[in-house]
Structures are given as C-alpha cells and as structure tokens.
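# Per-entry structural report
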Amino acid sequence: PSYIYLASGNFNTKLIVENSSQCSDTIIRTVKVAISPAADFNAKSVCFGEQVIFTNNSKPLGAKIISNTWDFNDGTNSSNDNPTHMYLTPKVYNVSLVVKDSSGCSDTLNRLIAVNKLPVANFNFSIGCLGLNTSFSDTTIPLGVITVRKCDFGDGSSINNIQNPTHKYNTANV
C-alpha cells in the first residue's frame, strides 16, 4: 500500500498480516518523513542573441540541497546553481528546475521563458538636397510592437519616436 503523509516527522507504522490459518504477525517500523525543498528560480525573457541568466532561489526546508538539475527545453541541461544559457531559436521555452536534498526529497518548478524575435530595422529616403527636407520612410519589419524609434541623421542631430521623419541637411558632407 501507499500513503501520503501530510506532515513531516517520525511515524511508527504497523503492518499486521494474517494467513488463511488465522496465524498472524506484526511488525512496527519507524518511517521518517522529511520536508521537501522548495524549488524556485527567476529568469527574464530576452531578445534573440542574448544569454538568459537563471537565478536559483530554491530553499532547503529540511535537509541541505545537494543537486540542481536544469532542463532548458532545447535538448540541453545544466547542474550549475545559477546557470546562463544561450538559445539558438527565438520562441517560448518551458524551463524546468529539479532540486534534490540530502534526505532524497526533491521538488520541481517549471517556468516559461521567452526568447523574443528581433525586429528588422530598415528605411527608405528621398534624394536629399542641401537646405531642403529629406523624407525618410520606416520600412522596419516589427516582429512585435515597436515601442522606441531612434533616428540619428548623421549630422549631429537626431529625433525619437517619429516613424517617418523629415530632416533638413544644412551642410554638405561629401
């Protein structure tokens, strides 16, 4: 039989067996029930090409934690306390951490970590004439919502968060 203990401690467990001749035997054994550790970790979602930094916040609630097993959900794993990992494909990964303590108890935590696609920056512009406005057209492939645009015109001036700006060049740069 199996039984789920709801508290930790030492429990005197008795087994009584009886055969068809009505002969019986009894055994009492002490079952030690330990407290499992609490697996916990943090990691921020990143842009593709950046390393994910995992911070292990697991707590030993009884015995000392003796092992960490990370599954990065891309065919790789680690036993480091606080690993970093570089993903080769942008997508959402279900990362798993299993912590085990010296009493043999373990706990598992899964978290979703997003490796986000990069936008593809691009623009077109009209032929620029000195002293006249040059028009720029943002042809970026966003792959998400664009929240910041920074345009540096190359002559010491810039503008932020204008999708299709115009700019007047006042000096020639040959």
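Only a predicted model underlies this, so the values are computations on that prediction, with no experimental measurement involved. (Residues numbered from 1 in each chain as written. Predicted model: local features only at pLDDT ≥ 70, side-chain atom pairs only at ≥ 80, totals over all residues. Heavy atoms only, no water.)

### Section: the overall build of the protein chain
Put simply, the rule is: What counts as a helix is a DSSP run of H or I of at least four residues, what counts as a strand is a run of E of at least two, and both are numbered from the N terminus. The atom set for the radius of gyration is the C-alpha atoms, and the globule formula is 2.2 Å times the number of residues raised to the power 0.38. Residue burial is assigned from relative accessible area. The probe radius is 1.4 Å, only protein chains are included, and a residue is buried under 20% of its type maximum, exposed over 50%, and partly exposed in between. Two residues form a contact once any of their heavy atoms are found within 4.5 Å. The protein chains shown are the only cover counted for residues, whose accessible areas, like all others here, come from Shrake-Rupley with a 1.4 Å probe. Only four residue types enter the charge count: Lys and Arg as positive, Asp and Glu as negative, with His and the chain ends excluded. Positions of charges follow a simple convention, taking NZ of Lys, CZ of Arg, CG of Asp or CD of Glu.
The secondary structure content of the protein chain amounts to zero helices and 16 strands. Taking 2.2 N^0.38 as the reference for a compact globule, 174 residues should give roughly 16 Å; the C-alpha atoms of the protein chain span a radius of gyration of 31 Å, well beyond that estimate. Taken over the C-alpha atoms alone, the protein chain extends approximately 110 × 30 × 25 Å along its principal axes. By residue count, 20% of the 174 residues in the protein chain fall in the buried class. Taking as baseline every contact in the protein chain between residues at least 6 positions apart, the subset at least 24 positions apart corresponds to 46%. As presented, the protein chain carries roughly 12400 Å² of accessible surface, and 52% of it is formed by carbon and sulfur atoms. Measuring between centres, the 13 positive side-chain charges of the protein chain sit 3 Å from its 12 negative side-chain charges.

### Considering unusual backbone geometry
Of note, the phi angle at Gln-22 is positive, near 65°, even though the residue is not glycine. On the secondary structure map, Gln-22 appears in the loop between strand E1 (9-18) and strand E2 (24-33). Of note, the phi angle at Asn-161 is positive, near 60°, even though the residue is not glycine. Mapped onto the secondary structure, Asn-161 falls in the loop between strand E15 (158-160) and strand E16 (166-168).

### Comments concerning the pairing of strand E13 (residues 133-138)
Quick reminder of the rule: The pairing criterion for strands is at least two bridges between them, as found by DSSP.
Across the two faces of E13 the burial differs, with Thr-134, Phe-136 and Asp-138 buried and Asn-133, Ser-135 and Ser-137 not buried at all. In terms of strand pairing, strand E12 (residues 123-125) meets E13 through three bridges, oriented antiparallel. By the bridge assignment, Asn-124 is partnered in E13 with Ser-137.

### Digging into the pairing of E2
Here E2 lies mainly on the outside; one of its ten residues are buried. Sheet topology note: the E1/E2 ladder contains ten bridges and is antiparallel. Directly across from Leu-15, in E2, lies its bridge partner Ile-27. Where E1 hands over to E2, the hairpin turn is made up of five residues, of which Gln-22 adopts a positive phi near 65°.

### Comments concerning the layout of surface pockets
Put simply, the rule reads: In this analysis, the protein atoms alone were mapped onto a 1 Å grid. Cavities are point sets where a 1.4 Å probe fits without being able to get out; pockets are open sets with protein on both sides within 12 Å along at least five of seven lines; lining residues have an atom within 4 Å of a point. Grid points are joined across faces, edges and corners, and a volume is the space filled by probe spheres set on the points. The classification used treats Ala, Val, Leu, Ile, Met, Phe, Trp, Tyr, Cys and Pro as nonpolar, Asp, Glu, Lys and Arg as charged, and all other residues, Gly among them, as polar.
Considering only enclosed or pocket space, the largest pocket measures out at about 380 Å³ in volume. Around the largest pocket, the lining is made up of 21 residues, and of these Asp-138, Thr-140, Arg-149, Lys-150 and Cys-151 lie nearest the centre. Across the lining of the largest pocket, the residue classes break down as twelve nonpolar, five polar and four charged. Put simply, the second largest pocket is a space of about 180 Å³. If you trace the second largest pocket, you find twelve residues lining it, with Asp-155, Tyr-169, Thr-171, Ala-172 and Asn-173 closest to the centre. The class makeup of the residues in the lining of the second largest pocket is six nonpolar, five polar and one charged.

### Let's talk about the pattern of salt bridges
What counts here: When a carboxyl oxygen of Asp or Glu is within 4 Å of a side-chain nitrogen of Lys or Arg, the pair counts as a salt bridge.
Per the stated rule, a full pass over the model turns up two salt bridges. Close ionic contact of Arg-111 with Asp-40 constitutes a salt bridge, the shortest N to O distance being 3.2 Å. Separated by 71 residues along the polypeptide, Arg-111 in strand E11 (residues 106-116) and Asp-40 in the loop between E2 and strand E3 (41-42) bring together distant segments of the chain. Residue Arg-111 is classed as partly exposed on the basis of its relative accessible area, which comes to 31%. Look at Asp-40 and you get partly exposed, because its relative accessible area is 26%. One salt bridge in this structure joins Asp-138 and Arg-149, with 2.5 Å as the shortest N-O distance. Residue Asp-138 is located in strand E13, and its partner Arg-149 is located in the loop between E13 and strand E14 (150-152); the two are separated by eleven residues in the primary sequence. A relative accessible area of 16% places Asp-138 in the buried class. You can call Arg-149 partly exposed: its relative accessible area is 22%.

Without other data, these values stay purely geometric and don't point to any function.
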